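As a plain string of letters, each chain reads:
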Amino acid sequence: MHLDIQIALAGAAAGALYVLLASGLMIQFRSSGILNLGLGAVATLSSYIFLYATGSWGWSTPIAIIVAIIAGAVVCGSFQLLVVRPLRDSPMVAKIAATIGLMLTVTAIVVLWFGSLSPPPGSLFGQNPVSLHVGHPAFVLGSNRIWFVIITVVITVSLWATYRFTRFGRATRAAADNQAAAESLGYSSQRLELTNWAIGGGLAAVAGICLGTITPPSSTSITSVLLVAIAVALLAKFQSFSIMLIAGLAVGAAQAIATFQSAALQSATHLSGWSDSLPLIIIIFAVLIGGRGVAGKGGRIEPALPDAPVVRRPLLGSGAVAAISLAWLFVAPGWLVDPSVVTMISFIWALSVVVVTGYAGQISLAQLTFAGIGAYIAAKTAVVWHLPFPFPVLVGGIVAALIALVVGAPALRVRGLNLAVVTLGIAMVADVMFFADTSITGGGNGLTIPPAHIFGLNLNALNHERAFGVAVLAFAVLLGYGVAVFRKRPMVARMLAIRSNERGATAVGISAARTKLIAFTIAGFIAGIGGSLEAYREIQVSWTSFAFFSSLLLLGFAYLGGITSISGAMAAGFLLSGGIVTALFNFQGNAAEVVSLIAGLGVILIVLMHPEGIGALPRQLIALASDRGGTRVKHSSVHPDGIARSVTVPAPPAQQRTS
Amino acid sequence: MTLTPVPSAKESTVTPEVLLRVAGLSMNFGGVQALKSVDLVIAKGSLHGIIGPNGAGKSTLIDAITGFERPSEGTIVFMDSDVSHMAPHIRARQGLTRTFQNLELYLELTVNENLVVAAHASKRCNSDWFEHVVTTFHLGGELSTKARDLSHGRRRIVSLARALVTRPVLLILDEPAAGLDTHETKSLGLSLRQVVRDGITVVLVDHDMSLVMGESHMVTVLEEGSVFAEGTPSQIVANEDVRRIYLGGEH
């Protein structure tokens, strides 16, 4: 018991860092309605600046601290100026994608600047044990942890006082409540937002510096920390600094206990990873409890996602793509064959995002979790049931669809950003409790799937790459064709109606629940097929491809390509890591970082300037060219009999009544 | 006080069939009682007006009847079946449809898509009915226009048409004349007569006195969450209490 308390105390002190990051998230969110998923990357940047400045650059500590904090504030401030402000009237997906873009960009800058290895921890506060003079024997805490708590408490109290008692704080709260009303009283909401974003960046920097004195963060580890910070902010309902302080310390303590007792927890529950899952389970419940079954009155109209274009001749379109790709698979130089396979699999994943997010408007950050489940099931059925290719792929898709159906259930109660956060939480729970569990999935060693064979043809991805590529192409084309045909079905019209206005859809008799679950299920099936194919590509399946972090990137890249169109999914396929574009950049050593930097900036630019995505460019160019010749349907739709002949949506139902 | 409607000569011979019966409907929002034991009977084939000052509970009543809010107490019986616990979309499929004060259109879909989505959701709509609705509201020329690009008045019309293409049994209109000019309001009134002639029962909730009084067969006055008075338009206009609390400024 004494030891448990000692460990809880140390954990609570580390939890102070969550409070700092959560304060940054909350301040930025309250002023702009954007949950900054890039804040962790900003903390990493500041952390590294501080560590290198005090280390190899030989700066004095105070200057290093100030510069690191300013860096955090400047990055967030400029992001507010250049991106957050112009996105004020953009849909939530665009905002989330933009912060993923920030995350990608800053992470890439960190790696390009400082290299991919984490620097050694700094020694700002020392690690000497300090007696707390309580308990028998007295509890001790490292001096650095005592400093964390002091810093966090001081900052929390000053933030609370600032937002409560100063003119700036009151104005911020007023603008958060009603921006137009605050502006009509003479407050510049832009200046308020900018200041708040800079403060948020500064807080992230402080968290990064503190974290740098124990374990310097990496791009993935900081994202896990960020998720815990989101949990803490959610517990405080993005409102109360004091609840956030208590929640942060409590979560830190609980995590430390769960780590300490992990063996006992595992034998009791047969599940591992409790310490990492705990905050995520908090997230999921906190959001679900606040949810609402029937869509409420929106304070303002949710801005629209771009149009979801109809492929007029799906058979022709997919046939042409299939022919070109097939030819390419046989003539491509050897070093481009595997990247082409990756491109096709990434296309399938992005296609799943198009269905669930682009069509139905449900933001899922768990798509690669479904893919991973598909991969796992495919590997298991191939090994245990000796099912021949391609059946394990189909079984993988079906099981992933069923899991997606269950994971989609929260979408019945929560919407927009909250749904994104819940699905991200679920993705990370799956990460730490399922994919990382050696006893289930083989953990880091992965599972081995027997190479694919069909009709005596060897489709082994390792030594018959081109043949395997053709098999993947078949799936990619079928799925793309399927989605193109599906787009013309009334179901997609219902999805678009739900995406556009859920209350309005419910009022005419559309079941929001059924429509959303169908979207999740179909998207889960597509993702699962992609995952199963990825398993066959890797042979030795490593679960890192399906980490929650990758799902975040997938959403960013799907937006970059074009989240509402099949051609957008194709563009995303080319761009996603390991695909053809990365391969082409491979002439230099740090291709992945360069591509990720370009992609990060690209996501931000696309969100700002061309929300239809890269994939829409050829289509728009063609439309522009043909527009010069003829008139547009839009302006010539008046017909003498009053019924437009040019509508693209199928005519009303055929269930004619003989009355 | 509540007025009992005096049956007219025509009505007294045939008892009107009850389409919707709301009994003892109460609604609390965190201590505020928005509805206090409201009873309401809507006769089939009628156009029933509901008026009341701001905050009287008109929108809350619509939300409760159509299932967008869950009442704290009370029952809602529609076509002889208790719909009190049904999801809003199920009520809509049974023919209990509504429009919204703030329209809730699918702004980035075309007018045609707005209507077709609704038509597909209903078993009662066929293509004749669809065209009938399009013609009634003169929407033919705007079918391929995005709802976002329409004027406010036309958006109101589209939201009304969207509810109508489902061929509802009972259509509840939440302030359909808000923001319309005199001419548009007048033409809305004519369209509503057509809707009633088509056999659809209409509940009209609006601020526009001339519209409600001119078109309704029966009017219910809500005040602070309860039914204050009920009767034919002429009875309501003649009612001193109603004139004092509500009509005062206008009459």
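Preceding this section is the structure that the text describes.
Residues numbered from 1 in each chain as written. Chains lettered and ligands numbered in written order. Predicted model: local features only at pLDDT ≥ 70, side-chain atom pairs only at ≥ 80, totals over all residues.

**Student:** Hey, could you go over the overall build of chain B for me, with residue numbers and the actual values?
**Tutor:** Within chain B, the regular secondary structure consists of ten helices and ten strands. By the compact-globule yardstick of 18 Å for 251 residues, chain B fits well, its C-alpha radius of gyration being 18 Å. Along the first, second and third principal axes, the C-alpha set of chain B runs to 50 × 45 × 40 Å. Out of the 251 residues belonging to chain B, those deemed buried represent 51%. Sequence separation of at least 24 residues holds for 70% of the intrachain contacts in chain B that already meet a minimum separation of 6. (Helix = DSSP H or I, 4+ residues; strand = E, 2+ residues; numbered from the N terminus. Rg over C-alpha atoms; globule rule 2.2 N^0.38 Å. Buried ≥ 20, exposed ≤ 12 C-beta atoms within 10 Å, placed from the backbone. Contact = placed C-beta atoms within 7 Å.)

**Student:** So what's going on with the pairing of strand β9 (residues 218-223) of chain B? Residues and values would help.
**Tutor:** All names here are of chain B. Most of β9 is tucked away, with five of its six residues classed as buried. Alignment of strand β3 (residues 47-51) against β9, held across four bridges, turns out to be parallel. Pairing of Gly 49 across the sheet is with Val 219, part of β9. Here β9 pairs with strand β10 (residues 226-231) via five bridges, running antiparallel. Directly across from Thr 220, in β10, lies its bridge partner Glu 230. Hairpin geometry of β9 and β10 is characterised by an intervening segment of two residues between the two adjacent antiparallel strands and by a positive phi of about 50° at Glu 224. (Pairing = 2+ DSSP bridges.)

**Student:** Please give an account of the sheet that holds strand β7 (residues 170-174) of chain B that cites residues and values.
**Tutor:** Residues and elements named next belong to chain B. Across the sheet, six strands lie side by side as β6-β7-β8-β3-β9-β10; this open sheet has mixed pairing. Two strands bound the open sheet, and with one partner strand each, they are β6 (96-98) and β10. Recorded for the sheet is a direction-independent mean angle of 20° between the axes of neighbouring strands. Sheet topology note: the β7/strand β8 (residues 201-205) ladder contains five bridges and is parallel. (Axes fitted to C-alpha atoms, helices over the stretch in contact; angles between N-to-C directions.)

**Student:** So what's going on with the packing of helix α19 (residues 465-487) of chain A against helix α22 (residues 512-538) of chain A? Residues and values would help.
**Tutor:** All names here are of chain A. The contact between α19 and α22 brings their axes to 11 Å, and the two run at 170°. Relative to α22, the element α19 lies roughly antiparallel. Two secondary-structure elements touch here, α19 through Val 472, Phe 475 and Leu 479 and α22 through Ile 526, Ile 529 and Leu 533. (Parallel < 35°, antiparallel > 145°, perpendicular 65-115°, else oblique.)

**Student:** Which residues make up the nonpolar core, and what values do they have?
**Tutor:** Residues and elements named next belong to chain A. Core analysis: the biggest nonpolar cluster contains 298 residues, and Leu 21 and Val 232 have the highest contact counts within it. Broken down by element, the residue count for this core peaks at 15 residues, all from helix α1 (residues 2-32). If we skip the residues at most four places from it in the chain, Leu 21 touches Leu 39, Ala 43, Ala 204, Ala 207, Val 225, Leu 226 and Ala 229. With five residues, the next largest nonpolar core counts Ala 171, Ala 175, Ala 176 and Ala 182 among its residues. (Core = buried A, V, L, I, M, F, W, Y, C linked by C-beta atoms within 7 Å.)

**Student:** Explain the pairing of strand β4 (residues 73-78) of chain B residue by residue, including any values.
**Tutor:** All names here are of chain B. Two strands pair when backbone bridges link them, and strand β1 (residues 18-29) and β4 are joined in this way by five bridges, in the antiparallel orientation. Each bridged residue has a counterpart across the sheet, and for Val 22 the counterpart in β4 is Ile 76. Sheet topology note: the β4/strand β5 (residues 81-82) ladder contains two bridges and is antiparallel. What sits directly across from Phe 78, in β5, is Ser 81. The loop that links β4 with its antiparallel partner β5 comprises two residues; one of these, Met 79, has a positive phi angle of about 50°.

**Student:** Give a detailed account of helix α2 (residues 58-66) of chain B, specifying residues and quantitative values.
**Tutor:** Residues and elements named next belong to chain B. Most of α2 sits inside the fold, with eight of its nine residues counted as buried. Lys 58, Thr 60, Leu 61, Ile 62, Asp 63, Ala 64, Ile 65 and Thr 66 are the residues of α2 that are buried. Directly after α2, the chain includes Gly 67, whose backbone phi takes a positive value near 95°.

**Student:** Describe the sheet that holds β5(B), and please don't skip the residues or the numbers.
**Tutor:** Residue and element names in this part refer to chain B. If you trace the four strands from one edge of the open sheet to the other, you get β2-β1-β4-β5, paired in antiparallel fashion. Edge strands, defined here as strands with exactly one partner in the open sheet, are β2 (32-43) and β5. Across the sheet, α2 is in contact with β1, β2 and β4; its angle to β2 comes to roughly 65°.

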